[in-house]
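Okay, here's what each chain looks like letter by letter:
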2 protein chains.
Amino acid sequence: MRIILDAIGGDSAPVATVAGAVQAARDLQVEVVLVGPAEQIRSELSKHKTDGLQLTVVDAPEVIGMDEHAVQAVRRKKGSSVAVGLRMVRDGEADAFVSAGHSGATMAGAVFILGRVSGIVRPALATIFPALHGTIVVADVGATTDSRPEYLLQWAHMTSLYAQLVLQVDRPRVALLANGEEDSKGDKLVQDAHALLRNSELNFVGNAEPKDALVGNVADVLIADGFVGNLFIKEAEAVAKFAVKKIQQELSKPSVLARALAGVVPTLLLLAGSKQRGRVLLASLVGMPAVIGAALAPAFVRIAKSLDYRAYGGAPLLGVDGVVIIAHGKSDPMAIASAIRRAKESVEHGLVTAIGAIEGTAGKGTADERG
Amino acid sequence: MRIILDAIGGDSAPVATVAGAVQAARDLQVEVVLVGPAEQIRSELSKHKTDGLQLTVVDAPEVIGMDEHAVQAVRRKKGSSVAVGLRMVRDGEADAFVSAGHSGATMAGAVFILGRVSGIVRPALATIFPALHGTIVVADVGATTDSRPEYLLQWAHMTSLYAQLVLQVDRPRVALLANGEEDSKGDKLVQDAHALLRNSELNFVGNAEPKDALVGNVADVLIADGFVGNLFIKEAEAVAKFAVKKIQQELSKPSVLARALAGVVPTLLLLAGSKQRGRVLLASLVGMPAVIGAALAPAFVRIAKSLDYRAYGGAPLLGVDGVVIIAHGKSDPMAIASAIRRAKESVEHGLVTAIGAIEGTAGKGTADERG
């Protein structure tokens, strides 16, 4: 299997991308094709032990800047890593494309160069999201806004297939993101999509409000319009950061930890044995809140990170005619390798073919919709 | 000033509502008219010292259940507290209406009985939301879905007036809730509303994504479609609960707190004076994580509550022809009194008149839109 990696895409490229490619080639027994400025990639590759690994370099000298207009950049820069790599997938020279670069450019390029799977009206980006009792796949998180109900139905089918085939979830429970569980909740889009999903053969469990999705363990797949879904994952991250900051504020108040420590003071006094020693011991407790607060910091960082949806491997762009995985711009080598693994699994399980075989979706597009 | 309180509305009515009314009548020097089943209210009132307070009871024997259809309930139950109370405001017999009951019924009743302020196409519910650096008013949080750009412009005007007149914010900064700061972000509604706001005389600061709104201190007023805004406040609460649970999970791991305590162990050993005493002292530390975790619990509850948007007094329904304040169903007497205070301030500062004088909003409705 040959997997293309956009070697120049991502905040730490090519250092992190090349290291991730080496790791993936070693661990996954796949061929990784590094696409980007060849000189730069080879120079970076020379720092690694690559004997026996299937690593190839394909030159793509043009670079798409993070502030460039996605569609224009992909159309104009035919020598960019995104354009070169996606053409290789289209032409059957590779099986999948992975990028941690300009996600807008990758999405636009995928639609433009690979096209959509026949019958799929709009693509959806699906990301794994951390809930309290496991993970949930949310789609769309930013590929398509101003959706129609039929799009959401197709995304539910595609994301359900992804959860089943790639994430090995048995008969995934599908929910619609809404502001209440009742069938009448949501805006018109949600209400109409609800009716379509209700009549589908999916394992549709109804609407899920944020608390159901996050702490309720009611669904494996959560469907929303791309604007709403993108807001949803961004807010989760923002609130988690907010809550951690609030908690750190609380813990930095000496009174809070002092009260916490008061419970153990009698034991300590008893153990100190003498009054004088007891006083010194008590005095030493004054410094404890700061020590404990500082020691707890890594736990807080871990929690904030656990709500960072971007940490969860790559996000597949579902509905385009090829396996395309979007990794986060801040990906380290392990995240790059993990996105390559996801690409490999998607290819192995025939995700794109399965999506092409989705039957009975009301949204099988008319010619002009497929544009 | 006469303020109507829906005495039978809310999870703890009439106990909490009557107690809140007594407190408001005492603290705010207003007349509170308790509307609901008169017998029940009088019996509850008899438990309080009400000498010299302006407290009136108006009988409204019909009760709207929380599971009733909002519009139907209000239209059919003309003897309900919502219908009776709102008619008194319409007929000039009272200055404002406050309810902690069925919010859908109150909103429907307000539009149906009071009507909209001339020129206002759709009403918006505005709630105070806790950000890290102060509060932010979010609208609409559930009165109107499937909005048009003109609605959002009017809501921005009304909410800005509310922030200025009632919350005393000088020249409120208005932002649009979006999935990115760039002008091109959002769905079509947000993009079109963005253009309208850009050309308005409001202090429009552009798009705000969740992190800007929550931790960035970039805006005083945040505008969104009612479905999106309702999801926004519900998700904030859900994620805060989620984060607190995660943190409690972390703190319940002995390893985390043990590591935190390790920093103070040498001092304790030194102070213990003897090896044997030192061993006993160390053994006592084993129990400390649980003690500290338990003692920190109230701080966590406080943090989760600080993100409960419902705790922040009443939410005004902006755009209807009268002051209507919706309090949370779980309101305790203090929350009821606080909602009455907000009603009083809204009346004092002429909020409804000011809304009627909003000029130059592109959305001054056509006759059929005003329906």
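Here, the structure is the one placed above.
Okay, so let's go over this structure.

Conventions used here
- Residues numbered from 1 in each chain as written.
- Chains lettered and ligands numbered in written order.
- Predicted model: local features only at pLDDT ≥ 70, side-chain atom pairs only at ≥ 80, totals over all residues.
- Heavy atoms only, no water.
- Helix = DSSP H or I, 4+ residues; strand = E, 2+ residues; numbered from the N terminus.
- Buried < 20%, exposed > 50% of the residue type's maximum accessible area, 1.4 Å probe, protein only.
- Polar contact = N/O pair within 3.5 Å; in protein donor to acceptor, adjacent residues only side chain to side chain.
- Contact = heavy atoms within 4.5 Å.
- Phe/Tyr/Trp six-rings, centres within 6.5 Å; stacked < 30°, edge-to-face > 60°.
- Pairing = 2+ DSSP bridges.
- Axes fitted to C-alpha atoms, helices over the stretch in contact; angles between N-to-C directions.
- Parallel < 35°, antiparallel > 145°, perpendicular 65-115°, else oblique.
- Left-handed = near helix turned anticlockwise from the far one by under 90°.
- Salt bridge = Lys/Arg side-chain N within 4 Å of Asp/Glu carboxyl O.

**Quick notes on the side chain of A:Ser200**
All names here are of chain A.
Part 1 of the reasoning: Within the secondary structure layout, Ser 200 lies in the loop between α7 (188–198) and β8 (203–208).
Part 2 of the reasoning: Relative accessible area serves as the criterion here: at 17%, Ser 200 is assigned to the buried category.
Part 3 of the reasoning: Of the polar contacts made by the side chain of Ser 200, one reaches the backbone oxygen of Leu 197; its length is 2.7 Å.
Part 4 of the reasoning: Within polar-contact distance, the side chain of Ser 200 engages the backbone nitrogen of Leu 202 at 3.2 Å.
Part 5 of the reasoning: With near-sequence residues (within four places) excluded, Ser 200 lies in contact with Leu 153 and His 157.

**Examining helix α4 (residues 81–90) of chain A**
Residues and elements named next belong to chain A.
Part 1 of the reasoning: The buried fraction of α4 amounts to eight of the ten residues, a majority that puts the element mostly inside the structure.
Part 2 of the reasoning: Among all positions in α4, only Ser 81, Val 82, Ala 83, Val 84, Gly 85, Leu 86, Met 88 and Val 89 are buried.
Part 3 of the reasoning: Looking one or two residues beyond α4, the residue adopting positive phi is Gly 92, at roughly 80 degrees.

**Some points on the packing of aromatic side chains**
Part 1 of the reasoning: Inspection of the entire model under this criterion finds four aromatic pairs over all chains.
Part 2 of the reasoning: Centroid distance A:Tyr151 to A:Trp155: 6.1 Å. Interplanar angle 45 degrees. Geometry classified as tilted. You can see A:Tyr151 and its partner A:Trp155 sitting in helix α6 (residues 149–165), four residues apart, about one turn around the helix. The two residues A:Tyr151 and A:Trp155 agree in class, both being buried.
Part 3 of the reasoning: Ring centres 5.3 Å apart and planes at 40 degrees place the aromatic pair B:Phe129 and B:Phe232 in the tilted group. On the criterion of sequence distance, the pair formed by B:Phe129 in strand β5 (residues 124–131) and B:Phe232 in helix α9 (residues 226–252) is long-range, its members being 103 residues apart. B:Phe232 carries the same exposure label as B:Phe129, and that label is buried.

**Here's the deal with the pairing of strand β2 (residues 31–36) of chain A**
Residue and element names in this part refer to chain A.
Part 1 of the reasoning: With six of six residues buried, β2 is to be regarded as a mostly interior element.
Part 2 of the reasoning: Every second residue of β2 is oriented toward a common face, with Glu 31, Val 33 and Val 35 on one face and Val 32, Leu 34 and Gly 36 on the other, all of them buried.
Part 3 of the reasoning: Here five bridges tie strand β1 (residues 2–6) to β2, and the two strands are oriented parallel to one another. Bridged to Arg 2 within β2 is Glu 31.
Part 4 of the reasoning: Across five bridges, β2 lies against strand β3 (residues 55–59) in parallel orientation. If you follow Val 32 over to β3, its bridge partner there is Leu 55.

**Describing the packing of helix α1 (residues 15–28) of chain A against helix α2 (residues 38–45) of chain A**
Residues and elements named next belong to chain A.
Part 1 of the reasoning: Where α1 meets α2, the axes come as close as 10 Å, and the angle between the chain directions of the two elements is 60 degrees. As far as their axial angle goes, α2 and α1 are oblique. Between α1 and α2 lies a crossing whose hand is right-handed. Each of Val 15, Val 18 and Val 22 in α1 lies in contact with α2, whose residues at this interface are Ile 41, Glu 44 and Leu 45.

**Details of the sheet that holds strand β7 (residues 173–177) of chain B**
The strands making up a sheet associate through backbone hydrogen bonding, with each pair oriented either parallel or antiparallel.
Residue and element names in this part refer to chain B.
Part 1 of the reasoning: With respect to topology, eleven strands assemble into an open sheet ordered β3-β2-β1-β4-β11-β10-β5-β6-β9-β7-β8, the strand pairing being mixed. The open sheet has two edge strands with one neighbour each: β3 (55–59) and β8 (203–208). Neighbour-to-neighbour, the strand axes of this sheet turn through a mean angle of 30 degrees, independent of strand direction.
Part 2 of the reasoning: Where β5 lies against strand β10 (residues 315–318), two bridges are found, and the strand directions are antiparallel. Residue Ala 124 lies in a different strand from β10, and its bridge partner there is Leu 318.
Part 3 of the reasoning: The strands touched by helix α2 (residues 38–45) are β2 (31–36) and β3; relative to β3, the strand with the most contacts, the crossing angle is about 155 degrees.
Part 4 of the reasoning: Contacting β5, β6 (134–139), β7, β9 (221–223) and β10, helix α6 (residues 149–165) runs over the sheet at an angle of about 160 degrees to β9.

**A look at the pattern of salt bridges**
Part 1 of the reasoning: Evaluated as defined, the whole model comprises 20 salt bridges over all chains.
Part 2 of the reasoning: When the shortest N-O distance is used, the salt bridge between A:Glu209 and B:Lys234 registers 3.9 Å. With one member in each of two chains, A:Glu209 in the loop between β8 and α8 (210–215) and B:Lys234 in helix α9 form a pair that bridges those chains. For the pair A:Glu209 and B:Lys234, a shared accessibility class is recorded, and that class is buried.
Part 3 of the reasoning: The salt bridge involving B:Asp183 is made with B:Arg198; its shortest N-O contact spans 3.7 Å. With B:Asp183 in the loop between β7 and α7 (188–198) and B:Arg198 in helix α7, this pair connects stretches of sequence that are 15 residues apart.
Part 4 of the reasoning: With a relative accessible area of 45%, B:Asp183 lands in the partly exposed category.
Part 5 of the reasoning: Its relative accessible area of 43% is what places B:Arg198 among the partly exposed residues.
Part 6 of the reasoning: One continuous salt-bridge network, built from bridges that share partners, spans A:Glu209, A:Lys211 and B:Lys234.

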